[in-house]
Structure formats: structure tokens, C-alpha cells
Amino acid sequence: MAAASCTYSLVTRRYCSIPQLKPSIAQDQLKTSNDLSFRVPKNRSCLPVLSMRQESAVLEVTPKSWNPSILKSETPVLVEFYTSWCEPCQMVHQMINEIATDYAGRLECVAVDVEQEPRVAEQYDIKAVPIVVLFKNGEKCESVVGTMPKDFFVDAIERVLDS
């Protein structure tokens, strides 16, 4: 079964900290910094950006809350990696929201927007979205890539809970 997913690429942008200088000035005269960003594919469809997080049982995670929420959690954690413009991500989020309700108390469900938190995505080698990664005792245990039937997610969750 083929899974729908959205690919994106990590790009590094150089920013000049002295805006009045032209880019042709020698590099040693400029103070530059690198910033990570995700490039939206040029062939993406024009989807209305919907807030997937309104009235959701799935919490947003930031780099500051990553360790206490995922790595130090005593409860297994499902992490949904997504982007706001990805239609398959919206479909997966609806399933994960149902799963969060079904497994309340036995499984924590959180989400990471890879455009807002590129370093977290890079750390876990996330190259396409949606991807769901399951953690237990701070260790990555299972992952489900793309838009799959709910049973795929439930089976992965059950394997993690039983381990």
C-alpha cells in the first residue's frame, strides 16, 4: 500500500548582519549567520492553511519541552511530525486526535511542526511528512510514514505498549 506524504528540503540561508552593505563586499567584512529553514515545494497545491491544532487532544511540542515531554516521560509518547501546508498531514492529524482520545492515560500524543522546529526534525532525520514516531522510556521504538489506515497506527501503538 502506497502512503501519501509531503517531501520538503532543508535549506541553509545566509543572512548579512549589515543590511546597507552590498553582497559583493568581501566575505571577511561581513558578519554572517546561518539559519535553518524548510523550502516549500514549488509544485504544491494551493491549500487553505487550516489550523490543525484547534480543539485537539494533541499538544504542540517545542525544543524546550522536548526532553520533559518525550524523553523523560514515564508514559509512551506518540510524536506527529507535520507541516501546516501538507494535506496528508491534516488527514493523519485527525486520526491521531482520535487515537489520543482512545488511549488517554496510556499514551501521550504530541505534534511537532517541522517548519517551526527544524532542529528537532533534523535531529530525528525527518525527511518527509507526515511521520509518526513512537517513544518509550525516551527511546524511539516505532514509526509510521505517510498516510496510512488507522489500524497501522494502532498496531504500532499496541506493540509499543506491550513491549
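Values in this document were obtained by computation on a predicted structure and should not be read as measured data. (Residues numbered from 1 in each chain as written. Predicted model: local features only at pLDDT ≥ 70, side-chain atom pairs only at ≥ 80, totals over all residues. Heavy atoms only, no water.)

### Remarks on the environment of Y103
So, step 1. Along the chain, the position of Y103 falls in the loop between helix 2 (87-102) and strand 6 (108-113).
So, step 2. Here the alpha-carbon distance between Y103 and V154, two residues 51 residues apart in the chain, equals 9.7 Å.
So, step 3. Sequence-distant contacts of Y103, that is, excluding residues within four places in its chain, are made with V154, I157, E158 and L161. (Helix = DSSP H or I, 4+ residues; strand = E, 2+ residues; numbered from the N terminus. Contact = heavy atoms within 4.5 Å.)

### What about the sheet that holds strand 4 (residues 59-60)?
So, step 1. Strand order in the open sheet formed by five strands is 4-6-5-8-9, and the pairing between neighbours is mixed. Edge strands, defined here as strands with exactly one partner in the open sheet, are strand 4 and strand 9 (139-145).
So, step 2. Relative to strand 8 (residues 131-136), strand 5 (residues 77-82) runs antiparallel, the two sharing five bridges. By the bridge assignment for strand 8, F81 is matched with I131.
So, step 3. Contacts between helix 2 and the sheet are confined to strand 5, strand 6 and strand 8, with strand 5 contributing the most and set at about 165° to the helix. (Pairing = 2+ DSSP bridges. Axes fitted to C-alpha atoms, helices over the stretch in contact; angles between N-to-C directions.)

### Side note on the pattern of salt bridges
Where charged atoms from two side chains of opposite charge approach closely, those side chains can pair.
So, step 1. Counted by the stated rule, this structure contains five salt bridges.
So, step 2. Across the pair K150 and D102 runs a salt bridge, and its minimum N-O distance is 3.2 Å. Of this pair, K150 sits in helix 4 (residues 150-162) while D102 sits in helix 2, and the two are 48 residues apart along the sequence.
So, step 3. Note that D125 is salt-bridged to K127, the shortest N-O span being 3.2 Å. K127 shares its class with D125; the two are exposed.
So, step 4. A single network of salt bridges, built from pairs that share partners, joins E98, D102 and K150. (Salt bridge = Lys/Arg side-chain N within 4 Å of Asp/Glu carboxyl O. Buried < 20%, exposed > 50% of the residue type's maximum accessible area, 1.4 Å probe, protein only.)

### Structural notes on the side chain of D113
So, step 1. With respect to the helices and strands, D113 occurs in strand 6.
So, step 2. Within the structure, D113 has its side chain in polar contact with the backbone nitrogen of E115 (distance 3.0 Å). (Polar contact = N/O pair within 3.5 Å; in protein donor to acceptor, adjacent residues only side chain to side chain.)

### Quick word on the packing of aromatic side chains
So, step 1. Under the criterion given, the structure shown has four aromatic pairs.
So, step 2. Between W66 and F81, the ring centres sit 6.4 Å apart and the planes meet at 45°, which makes this aromatic pair tilted. One end of the pair, W66, is in helix 1 (residues 63-71); the other, F81, is in strand 5, and 15 residues separate them in sequence. For the pair W66 and F81, a shared accessibility class is recorded, and that class is buried.
So, step 3. Seen in terms of ring centroids, W66 and F135 are 5.8 Å apart; in terms of plane orientation they differ by 90°. Their pairing is edge-to-face. Residue W66 is located in helix 1, and its partner F135 is located in strand 8; the two are separated by 69 residues in the primary sequence. (Phe/Tyr/Trp six-rings, centres within 6.5 Å; stacked < 30°, edge-to-face > 60°.)

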